[in-house]
Amino acid sequence: MQQPQFDFTHKPPEVGACRTTSVVPLGDRVGAVRVEQFFNDQATALLTPFLHGDLVYERDEIGDQKLVSRASRQGDLPDDPLVQRSSTLDADSALAVLNTFGSSWFIEQLGDWLNTPLRMLRPPTPYRMDVGDYVEPHDDHPSPEFRLSVTYNLTANWQPGDGGETVVGLVEAVTEFDHPDFPFPLKTWTLGTGAQSLEPVFNSVLLLPLSDEQAHAVRPVRRASRYSITTLYGDRTSH
Ligand SMILES: O=C(O)CCC(=O)C(=O)O
Ligand SMILES: [Fe+2]
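Residues numbered from 1 in each chain as written. Chains lettered and ligands numbered in written order. Predicted model: local features only at pLDDT ≥ 70, side-chain atom pairs only at ≥ 80, totals over all residues. Heavy atoms only, no water.

In the annotation of an unreviewed UniProt entry, the entry for the protein reads Fe2OG dioxygenase domain-containing protein, and the organism field reads Nocardia ninae NBRC 108245.

Spelled out as structure tokens, the structure:
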């Protein structure tokens, strides 16, 4: 099965060894690819206190389907600047590291892997999941142009029982239901047999190809807050 081949000649300096350690098949599709040692130690050491201490989070809940906290932005648009508690040199450097996910180098690597030109559809967004938070299965595929979700994980010292595993699977059924807080029907996705659970690995990314046929979830977090950064990519040609 095809693995991403990163071009290290032109990589940004903060990018690490980028070792592909697993390619998870779902039927004849790629369900997920894990790339470890994504950033170098210095970049990881900048990002960790930035996500833990400099950012401000707000609840992002969809009924009982999604219970997470998302980094607050200064306005209502998805790419408005993040709210920061302090504006130090370190915070600026951490923001530069965060923007690796929006860099032309990284988007080109992903496009070469999927064999189609990509653009960023949702900018890098930090999430914090506290004990008890979870995300039910969903496809992140509101329209066909959505191609890839990339989640960077910053959970140190994960142990079995800590929860927060990412689950990827094939979609068996999608059901719509009405919720009093939402003017549109919400959906629930049921995964088929053969879904795979992937534990959080510090300083790794999970590349999740998006389609109507595959969905992913995050199991309830059990021990300590789980920090991650998610970026969504899609076709460059459709608008
Ligand atoms: O954190 C993860 O593993 C996935 C998060 C996710 O599915 C999402 O933010 O849409
Ligand atoms: Fe998702």
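That shown, we press on.
Right, let's get into the overall build of the protein. Looking only at helices and strands, one finds three helices and 13 strands in the protein. Relative to the 2.2 N^0.38 estimate, which gives 18 Å for 239 residues, the radius of gyration of the protein is 17 Å and therefore close to what a compact globule would have. Dimensions along the principal axes, computed over C-alpha positions, put the protein at roughly 45 × 40 × 40 Å. Expressed as a percentage of its 239 residues, the buried residues of the protein come to 49%. Long-range pairs, those at least 24 residues apart, make up 77% of the contacts in the protein between residues at least 6 apart in sequence. (Helix = DSSP H or I, 4+ residues; strand = E, 2+ residues; numbered from the N terminus. Rg over C-alpha atoms; globule rule 2.2 N^0.38 Å. Buried < 20%, exposed > 50% of the residue type's maximum accessible area, 1.4 Å probe, protein only. Contact = heavy atoms within 4.5 Å.)

Our focus in this paragraph is the pairing of strand β3 (residues 57-62). The sheet contact formed by β3 and strand β4 (residues 66-71) spans six bridges and is antiparallel. Of the residues in β4, the one forming a bridge with Glu 58 is Arg 70. Here β3 folds back onto β4 in antiparallel fashion, the turn holding three residues, of which Gly 63 has a positive phi close to 45°. (Pairing = 2+ DSSP bridges.)

If you trace the backbone, Val 174 turns up in strand β8 (residues 166-177). A relative accessible area of 43% means that Val 174 is categorised as partly exposed. Placed 118 residues apart in sequence, Val 174 and Val 56 show a C-alpha to C-alpha distance of 34 Å. Ignoring any residue separated from it by four or fewer positions in sequence, one finds Val 174 in contact with Lys 187, Thr 188 and Trp 189.

With that settled, the discussion passes to the layout of surface pockets. Any empty space left between the atoms is revealed when a probe the size of a water molecule rolls over them. Of the voids in this model, the largest pocket is the one considered here, and its volume is about 1300 Å³. Lining the largest pocket are 41 residues, and of these Ile 62, Lys 66, Tyr 127, His 138 and Asp 140 lie nearest its centre. The element that contributes the greatest number of residues to the lining of the largest pocket is strand β5 (residues 118-129), accounting for five residues. Residue composition of the lining of the largest pocket, by class: 20 nonpolar, 10 polar and 11 charged. A volume near 180 Å³ is recorded for the second largest pocket. (1 Å grid on protein atoms, 1.4 Å probe; cavity = no way out; pocket = protein on both sides within 12 Å on 5 of 7 lines; lining within 4 Å. Points joined across faces, edges and corners; volume = space filled by probe spheres on them. Nonpolar A, V, L, I, M, F, W, Y, C, P; charged D, E, K, R; others polar.)

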